[in-house]
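What follows is the residue order along each chain.
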Amino acid sequence: MVKQTIQIFARVKPTVRKQQQGIYSIDEDEKLTPSLEIILPRDLADGFVNNKRESYKFKFQRIFDQDAKQEAIFENIAKPVAESVLAGYNGTIFAYGQTSSGKTFTITGGAERYSDRGIIPRTLSYIFEQLQKDSSKIYTTHISYLEIYNECGYDLLDPRHEASTLEDLPKVTVLEDPDQNIHLKNLSLHQATTEEEALNLLFLGDTNRMIAETPMNQASTRSHCIFTIHLSSKEPGSATVRRAKLHLVDLAGSERVAKTGVGGQLLTEAKYINLSLHYLEQVIVALSEKHRSHIPYRNSMMTSVLRDSLGGNCMTTMIATLSLEKRNIDESISTCRFAQRVALIRNEAVLNEEIDPRLMILRLQKEIQELKDELALVTGEQRTEALTEAELLQLEKLITSFLEDQDPESKLEVGADMRKIHHCFHYLKKLLTDKKIHGPSRAPFSEVKDQVNQGPSTEEEYKKLREILQQRDNEINILVNMLKKEKKKAQDALHSSSMDRGEPRRSQSSPFPPGNPEGLRTLPLSAPTQAQDSSVIQYRSSLLHRKTGVREEMSLGRQEAFEIFKRDHADSVTIEDNKQILKQRFSEAKALGESINEARRKIGRLKEEITQRHVQQVALGISENTTVPSAPDPMEEKLRSQLEEEKTRYKTMFMRLKALKVEIEHLQLLMDKAKVKLQKEFDAWWAEEATSLQVNSPPVNLFNHVKPFPQTPESQHKRSQLLSNQRQ
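Throughout, residues of each chain are indexed from 1 in the direction in which the sequence is written. Thresholds applied to this predicted model are a pLDDT of at least 70 for local features of residues and 80 or more for the giving and counting of side-chain atom pairs; totals over whole chains, interfaces and linings are not thresholded and use all residues. Here the side-chain values reflect all heavy atoms present in the structure, with hydrogen atoms and water set aside.

Every helix listed is a DSSP run of H or I at least four residues long, and every strand listed is a run of E at least two residues long, numbered separately from the N terminus. Regarding its fold elements, the protein chain presents 18 helices and 19 strands. Only protein chains enter the accessibility calculation, which uses a 1.4 Å probe; a residue whose area is less than 20% of its type maximum is buried, one above 50% is exposed, and one in between is partly exposed. Expressed as a percentage of its 728 residues, the buried residues of the protein chain come to 35%. Any pair of residues with heavy atoms lying within 4.5 Å of one another is described as a contacting pair. Long-range pairs, those at least 24 residues apart, make up 71% of the contacts in the protein chain between residues at least 6 apart in sequence. Put simply, the protein chain shows about 45500 Å² of open surface, and 54% of that area lies on carbon and sulfur atoms. We get accessible surface area from the Shrake-Rupley algorithm with a probe of 1.4 Å; when it comes to residues, only the shown protein chains can shield them.

The following block contains the structure:
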């Protein structure tokens, strides 16, 4: 058992504008506990003589200033907790602070640079690295991701998030057993065997989180999120299992509604966030008081889920995120006071070891059955009770595997029970009889069934064709609107540039009349020009698919709209930067791989030379009838020193290649995340444009009043002419 108080750390967020001097100071004396002093700026409106407090001083285990890196945060805060989880203890890390103080950046990390990875991806990387090194145990890792939004729990890893609204998803509920252990209903556990699978689950959960823009933060998380790593380990052949879990909690930030001035849905979310944080503070206050008989864990869902983390079987760490600007001084002082109360709570973490009940049950059942069979053989007593359904199914499986086995020397092991032997013979006889009676009639029945299923439903096909035609009409209308907007932008830019240069004579030199600025675009196209346009359209379709990564089922018009949407999107610069970095990392990894192969070949060659040198020395001693000299051979020593240098170089390059692989996977994950976000926003914009077109100018659907007719070449030619006219 490990008894310790909750560890508290502080992190100061970098300020956007130039910081006013003297707002805070950090005292990190090696002999004393580090302390943070917050100095309140004097307000001249209160006069020179007033009774207001001018400074506050708080103690933390360590304080990270504005220039602290993510790697330092992980090494000092998260790594010790991850090591205790690998040893079999429960762990929790949670970030607390006001909105826009850096909690999500600390826990999850940024999405632009690889060095901005937060505690969760770095912890996953460290845990799987340690699991690969330890081959003495069998490890199993599961991931769960819980979101608490407006005091309701949701599973962020539920695959129905994409196709359903939040209200239609099943809510995660808290259940409590007689031993006061918490169980979460409708929260899924996903097994992760590699670091890449775990990061994909993290990426999926972050995509489904509730994020909104507020006056304090452009991407404010509006819910509490708990990312949990469940780790179990067992030595081979042992019935003892160690189970541990690590909660990585990103709390939503508290905000003062009077300061932010939000309303509507944002106001409702802010009320639920502040209420749940108030209940959390009530639990902290109750735990810090001595001789307190009741702890109000059940007031909110978050405190119920984190019951073990607060005063229970867990090693807990808190990160207080501070935004030490003049307008946020009061909230920062409140956060520091909360951290001081948290530091008074003492947890008692125990090693979570238990005997695997499944292995014990199977072992005892097998032993009982063997003893019963031995007793029946010794006494000669015949057992009269009937076989159970489970025993009959097990016998039928054994017979099926025995018949499917191609080995002529295979045996059917059913034990010494005569009831099982009789049942095996009856079952084999039944199979043989069924094969003789029903064997020839099965093939014709399947053929008849296939013939029945081959009948096409023409009505459904025509209905699908009408839907496709309606969709194409909407796409053409949207593209026409987009082209009009682009044309208007170009004309405005051209007009403004001509006005700046003072050259109105350009319009007189135009070869087209004033009413027709497009000129030759309105002339009828010849047959060779139309053929050339069709080939250009096919080439542009394949090019767009390669450049944008858009799914192939998107039509050409929608792909063109997506390319324009992507070009004007704010994240396009980030995606291109990550592409360039990814190319550099790929080329560097390729060069490293070639160098590693060269070093491996050189190591093998040096080993062969050392062996040959040693054999030559022995052969020389035998031929001259002398013993092998005890003094070291200078040539062999030189080869061995070269071998050690090559081994050191090989290990260094291999570790660098391994780090590059992790960085490349993370960059690919960031690019996938940006592409998914881009695709979602484009789909929403596309649906909005299609809806507005249907409301403003609903298209006339002639197929609703005319019966379907077969397509002829003439009708197809008319249809293509109609589409080309609409595009113009």
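There's more to say after this.
So, on to the sheet that holds strand β4 (residues 35-39). One bridge is not enough; two strands pair if DSSP finds at least two bridges between them. Strand order in the open sheet formed by three strands is β3-β4-β5, with antiparallel pairing between adjacent strands. Across the chains shown, the open sheet's two edge strands, defined by having one partner strand only, are β3 (24-27) and β5 (55-59). Neighbour-to-neighbour, the strand axes of this sheet turn through a mean angle of 15°, independent of strand direction. Of the pairings in the sheet, the one linking β4 to β5 comprises five bridges and is antiparallel in character. Among the inter-strand pairings, I39 is bridged to a residue of β5, identified as S55. All axes are obtained by fitting lines to C-alpha atoms, using only the stretch in contact for helices, and the reported angles, taken between N-to-C directions, cover 0 to 180 degrees. Those strands touched by helix α8 (residues 329-342) are β4 and β5, and its axis lies near 35° from that of β5.

Here we take up the packing of aromatic side chains. Each Phe, Tyr or Trp ring (for Trp, its six-membered ring) is paired with any other whose centre lies within 6.5 Å, and the angle between the two planes then decides the class: stacked below 30 degrees, edge-to-face above 60, tilted in between. What the rule picks out here adds up to nine aromatic pairs. Summarising the aromatic geometry, the rings of Y56 and F58 are spaced 6.4 Å apart at their centres and angled 5° between planes, so their arrangement reads as stacked. The burial state of Y56 is the same as that of F58; both residues are buried. The interplanar angle of 20° and the centroid separation of 4.1 Å between the aromatic rings of Y96 and F338 together place this pair among those described as stacked. Of this pair, Y96 sits in strand β7 (residues 91-96) while F338 sits in helix α8, placing them 242 residues apart in sequence. For the pair Y96 and F338, one class covers both residues: buried. Counting every residue linked through ring pairs, the aromatic cluster contains F682, W685 and W686.

Below, the discussion takes up the pattern of salt bridges. Throughout this description, the term salt bridge denotes a Lys or Arg side-chain nitrogen within 4 Å of a carboxyl oxygen of Asp or Glu. Using the criterion set out here, one finds 17 salt bridges in the structure. With a closest N to O distance of 3.3 Å, R307 and E176 form a salt bridge. Taken together, the positions of R307 in the loop between α7 (301-305) and β17 (315-322) and E176 in strand β10 (residues 173-176) put the pair 131 residues apart, joining distant regions of the chain. The salt bridge involving E354 is made with R243; its shortest N-O contact spans 2.5 Å.

Take the side chain of D206 next. Here D206 lies in helix α4 (residues 195-207). Excluding anything up to four places from it in sequence, D206 contacts T108, Y145 and K673.

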